[in-house]
Amino acid sequence: MPTWIRLIKLTDKGVRSLRQDQTAVFEEQMTIIEENGGKMTQGFACLGYFDIVSIVEAPDESVMSAIDKAIASQGLYMSQTLPAIPLQEFLGAFDGS
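Colleague: Would you take a moment to explain the packing of helix 1 (residues 12–35) against helix 2 (residues 61–72) for this structure?
Modeller: Contact geometry of helix 1 with helix 2 gives a least axis separation of 9 Å together with a crossing angle of 145°. Considering how the two elements wind past one another, helix 1 and helix 2 form a crossing that is right-handed. Here helix 1 contributes Gln-29, Ile-32 and Ile-33 to the contact with helix 2, which in turn contributes Ile-67, Ala-70 and Ile-71. Here the contact of helix 1 with helix 2 is composed, by residue class, of five nonpolar, one polar and no charged.

Colleague: Explanation requested: the packing of aromatic side chains in the structure shown.
Modeller: The way to describe two aromatic rings as a pair is by their centre distance and the angle between their planes. Following the criterion strictly, the structure yields two aromatic pairs and no others. Geometrically, the ring pair formed by Tyr-49 and Phe-50 is edge-to-face, given 5.0 Å between the ring centres and 85° between the ring planes. The exposure class assigned to Tyr-49 is exposed, which follows from its relative accessible area of 58%. Taking relative accessible area as the criterion, Phe-50 reaches 23% and is therefore assigned partly exposed. Between Phe-90 and Phe-94, the aromatic rings sit 5.2 Å apart at their centres with planes inclined by 80°, giving edge-to-face as the arrangement. Within this pair, Phe-90 and its partner Phe-94 are both found in helix 3 (residues 87–95), separated by four residues, close to a single helical turn. We classify Phe-94 as exposed; its relative accessible area is 67%. Positioned above the aromatic ring of Tyr-49, the side-chain terminus of Lys-9 is 5.0 Å from the ring centre.

Here is what the cut-offs are and how they apply
- Residues numbered from 1 in each chain as written.
- Predicted model: local features only at pLDDT ≥ 70, side-chain atom pairs only at ≥ 80, totals over all residues.
- Heavy atoms only, no water.
- Axes fitted to C-alpha atoms, helices over the stretch in contact; angles between N-to-C directions.
- Helix = DSSP H or I, 4+ residues; strand = E, 2+ residues; numbered from the N terminus.
- Left-handed = near helix turned anticlockwise from the far one by under 90°.
- Contact = heavy atoms within 4.5 Å.
- Nonpolar A, V, L, I, M, F, W, Y, C, P; charged D, E, K, R; others polar.
- Phe/Tyr/Trp six-rings, centres within 6.5 Å; stacked < 30°, edge-to-face > 60°.
- Buried < 20%, exposed > 50% of the residue type's maximum accessible area, 1.4 Å probe, protein only.
- Lys NZ or Arg CZ within 6 Å of the ring centre and 35° of its normal.

Keep in mind these numbers describe shape, not what the thing actually does.
Put into structure tokens, the structure is as follows:
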């Protein structure tokens, strides 16, 4: 299944929500992802411009777009979503494999 990298920057509302109940916030995000046909496989807290990086599997761009829209409507964070190509597959494109 295609992999997507989500770079997440928390809003003030997102920081407040996490301070109140981290478990509920993350469970709700996971539910939204799964109900829209995706699966979060990993998540990382970051020190830098982005606060969180999540790795999501979703069948295609339209499913990932639906996930992004559903989560964005909460106003907890802003994100950039990037398709991730396995390195060997990417490098194979250069040698015709």
